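Coordinates in review
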2 protein chains.
Amino acid sequence: MSAQGGHAVEKLDETANVISASKVTGTSVYSTDGDLLGEINDVMLDKRSGKIAYAVLSFGGLLGIGERYHPLPWATLKYDTRQGGYVVGLTLERLQGAPTFGAGEHPAWGDRAYEARIHDYYKTAPYWGA
Amino acid sequence: MSAQGGHAVEKLDETANVISASKVTGTSVYSTDGDLLGEINDVMLDKRSGKIAYAVLSFGGLLGIGERYHPLPWATLKYDTRQGGYVVGLTLERLQGAPTFGAGEHPAWGDRAYEARIHDYYKTAPYWGA
């Protein structure tokens with residue numbers, strides 16, 4: 001059930017409505033201008049509500065500042081079949097100002113004040129339904 | 001951000017409310033009687049609603065019938081710190097009669113009739129809120 005498999009694996013991993021976390025992980029992410037921003041590193045899940053909290057975008061040193069992780073609200077990701085990846089509705093410049101964390105940092109997952117800043121930045125409704 | 005990391009990685013991967021899909025994957029699953037059933041192979045996500053659809057339990061040939069996959073409604077998984085894994089509220093015998101698919105099969109993810117049978121079996125409310 002890896003992300004890049006053959007036809008049979010694709011079917012196991014995804015239908016029109018449902019996709020596996022392992023298939024989301026590793027998928028490329030593009031800006032509205034078509035810039036390759038990076039790829040999905042992991043998916044964060046809210047235990048109690050059963051909601052998808054974030055897809056974590058990793059910048060693989062594209063900006064020359066070491067790898068940074070951007071928590072993206074799930075609703076920001078639109079799959080683009082032509083690009084073969086997700087497109088987020090913001091420019092590279094806008095993403096550079098978004099909340100991030102580094103490899104050694106501990107994001108306050110589940111802290112509503114921290115998470116509200118993320119959702120505010122991307123102008124999406126909080127996953128916890130506030 | 002792998003599942004089995006040190007302390008710092010643990011913190012990045014999980015808080016009281018939020019956990020990464022990569023950390024869920026590979027976690028052991030036990031029956032109510034303490035039998036080791038297998039481990040979580042992947043997590044299925046509902047694209048539109050942003051809900052976690054299933055955690056897929058793989059039976060690693062424990063029953064001697066080749067690897068089988070059990071889609072478990074997210075709500076069935078309770079983490080048990082003593083066992084160091086998830087406990088599902090059913091016995092090994094009960095799990096043997098649950099809906100499964102094999103490595104070459106294509107489960108009808110997103111097909112409500114197929115999925116309703118899964119939720120009925122585990123007596124959990126459907127993730128899509130029906």
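Just above sits the structure.
What comes next concerns the included structure. Computed from a prediction, not measured in an experiment: that's the story for all the values here.

Here we come to unusual backbone geometry. Here the phi dihedral of lysine 123 of chain A falls at roughly 55°; this positive angle occurs in a residue that is not glycine. Turning to its location among the elements, lysine 123 of chain A is positioned in the segment after α4 (112–122).

What follows concerns the nonpolar core. If you look at the biggest cluster of nonpolar residues, it comprises 68 residues, and the most contacted ones within it are Leu45 of chain A together with Leu45 of chain B. Here leucine 45 of chain B is in contact with Asn17, Val18, Ile19, Ala21, Val24, Val43, Leu45, Ile52 and Trp74 of chain A together with Lys51 and Ala53 of chain B, once residues within four sequence places are set aside.

Each side of the interface is counted separately: chain A has 37 residues, and chain B has 38 residues. Taken together, both faces of the contact between chain A and chain B bury some 3,400 Å²; the carbon and sulfur share is 58%. Our count for the contact surface shared by chain A and chain B stands at zero salt bridges. Where chain A packs against chain B, one counts 26 residue pairs in polar contact (both at pLDDT 80 or more). Of all the secondary structure elements, the ones that give two or more residues to the side of chain A that touches chain B are α1 (7–13), β1 (18–20), α2 (21–24), β3 (36–46) and β4 (51–59) of chain A. Ranked by the residues each element gives to the side of chain A that touches chain B, the list is headed by β3 of chain A, at six residues. Residue classes in the side of chain A that touches chain B are distributed as 18 nonpolar, nine polar and ten charged. By the bridge criterion, three bridges tie β1 of chain A to strand β3 (residues 36–46) of chain B in an arrangement that is antiparallel. Paired with isoleucine 19 of chain A across the strands is leucine 45 of chain B, a residue of β3 of chain B.

With that out of the way, let us pick up helix α4 (residues 112–122) of chain B. Residues Tyr114, Glu115, Ile118, His119, Tyr121 and Tyr122 of chain B constitute the buried set of α4 of chain B. End-on view of α4 of chain B: buried residues confined to an arc of 160°, all on one side of the axis. Exposed and oriented more than 90 degrees from the buried face of α4 of chain B are Arg117 and Asp120 of chain B. Those residues of α4 of chain B that are buried are in contact with β1 of chain A together with β4 (52–59), β5 (68–73), α3 (92–96) and β8 (101–102) of chain B. Near the N-terminus of α4 of chain B, the side chain that reaches the backbone nitrogen of alanine 113 of chain B, with its oxygen 2.9 Å away, is that of aspartate 111 of chain B. Two residues or fewer after α4 of chain B comes lysine 123 of chain B, characterised by a positive phi angle close to 55°.

What counts as what
- Residues numbered from 1 in each chain as written.
- Chains lettered and ligands numbered in written order.
- Predicted model: local features only at pLDDT ≥ 70, side-chain atom pairs only at ≥ 80, totals over all residues.
- Heavy atoms only, no water.
- Helix = DSSP H or I, 4+ residues; strand = E, 2+ residues; numbered from the N terminus.
- Core = buried A, V, L, I, M, F, W, Y, C linked by side-chain atoms within 4.5 Å.
- Buried < 20%, exposed > 50% of the residue type's maximum accessible area, 1.4 Å probe, protein only.
- Contact = heavy atoms within 4.5 Å.
- Buried area = accessible area lost by both parts, 1.4 Å probe.
- Salt bridge = Lys/Arg side-chain N within 4 Å of Asp/Glu carboxyl O.
- Polar contact = N/O pair within 3.5 Å; in protein donor to acceptor, adjacent residues only side chain to side chain.
- Nonpolar A, V, L, I, M, F, W, Y, C, P; charged D, E, K, R; others polar.
- Pairing = 2+ DSSP bridges.
- Arc of directions from axis to C-beta.

Keep in mind these values describe shape, not function.
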